[in-house]
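A structural walkthrough
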Amino acid sequence: MTEILEKTERAYEGEHDRPLRGYLGLLSAYGGTVAMAAAAALLAGRRAPDHVGVMDLLLMAACTHKVSRRLAKDPVTSPLRAPFTEYEGQGGPSELQEKPKGAIGELLACPFCLAQWVATGYAAGLMLAPKATRLVGATMTAVAISDWLQLGYAKLMKSAGE
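Structure report, in brief.

The rules behind these values
- Residues numbered from 1 in each chain as written.
- Predicted model: local features only at pLDDT ≥ 70, side-chain atom pairs only at ≥ 80, totals over all residues.
- Heavy atoms only, no water.
- Phe/Tyr/Trp six-rings, centres within 6.5 Å; stacked < 30°, edge-to-face > 60°.
- Helix = DSSP H or I, 4+ residues; strand = E, 2+ residues; numbered from the N terminus.
- Buried < 20%, exposed > 50% of the residue type's maximum accessible area, 1.4 Å probe, protein only.
- Pairing = 2+ DSSP bridges.
- Core = buried A, V, L, I, M, F, W, Y, C linked by side-chain atoms within 4.5 Å.
- Contact = heavy atoms within 4.5 Å.
- Salt bridge = Lys/Arg side-chain N within 4 Å of Asp/Glu carboxyl O.

Topic: the packing of aromatic side chains
Inspection of every chain in the model, using the stated rule, returns 1 aromatic pair. Seen from their ring centres, Tyr30 and Trp117 are 5.2 Å apart, and the 70° between their planes marks the pair as edge-to-face. Within this pair, whereas Tyr30 is found in helix H2 (residues 20-43), its partner Trp117 is found in helix H6 (residues 111-128), the two being separated by 87 residues in sequence. On the basis of relative accessibility, which here comes to 29%, the residue Trp117 falls in the partly exposed class.

Shown next as structure tokens:
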């Protein structure tokens, strides 16, 4: 089996360095995490809701956006990424640009990649601890809205000075 995986990896990569084994590990970790959350919900007697309300969806979306960017780009969270990334410089406002090292680095430096993990955690939170999860969602949504207001204010101040 290992030989087949190595042959597949070499054929897929070509001249590029793609960490397929690392991706497989991440997929396994994600699947295992979802299975553990489902087992915890089952043991707690919780069931998935029949539908997700609009307010929960909006909180989940905004919270997922903010938490994913905070984990992937924020200077303060760079110590979490440092073993798996290499600093390249400033990115967007108050954000860093980092070069990933391996599959974990690609996950941790990519807000789009982290979003699935964050949203899954939020969904599990809605099943296991809905009040606390909504409070976290509202908090991070407020931070996301504040960011947009800060950027808008800075743009207005810049245009007023021109």
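From this point, the discussion proceeds with the structure in view.
Structural notes on the pairing of strand S2 (residues 96-100)
With 5 bridges joining them, strand S1 (residues 85-90) and S2 adopt antiparallel strand pairing. The residue bridging Tyr87 from the neighbouring strand is Glu98, located in S2. The turn joining S1 and S2, which pair antiparallel and follow one another in sequence, is formed by 5 residues; a positive phi near 55° is taken by Ser94.

Looking at the nonpolar core
Counting residues in hydrophobic clusters, the biggest one holds 8 residues: Leu59, Met60, Cys63, Val67, Val118, Tyr122, Leu126 and Met140. For this core, the secondary-structure elements that each account for two or more residues are helix H3 (54-73) and H6. Residue contributions to this core peak at 4 residues, all from H3. When neighbours within four sequence positions are excluded, Cys63 is seen to be in contact with Tyr122, Val136, Gly137, Met140 and Thr141. Core analysis: the next-biggest nonpolar cluster, separate from the first, contains 5 residues, Ala72, Ala103, Leu107 and Leu114 among them.

Points about the pattern of salt bridges
Where charged atoms from two side chains of opposite charge approach closely, those side chains can pair. Tallied over the entire structure, the rule returns 6 salt bridges. A salt bridge links Arg134 to Asp56, with the shortest nitrogen-to-oxygen separation between them at 2.8 Å. Taken together, the residues Arg134 in helix H7 (residues 130-161) and Asp56 in helix H3 connect sequence positions 78 residues apart. On the basis of relative accessible area, Asp56 is assigned to the buried category, the value being 15%. Note that Glu98 and Arg81 form a salt bridge whose closest N and O atoms lie 2.5 Å from each other. Placement of Glu98 in strand S2 and of Arg81 in helix H4 (residues 78-81) is noted, with a sequence separation of 17 residues between them. You can call Glu98 buried: its relative accessible area is 8%. Given the relative accessible area of 1%, Arg81 is considered buried.

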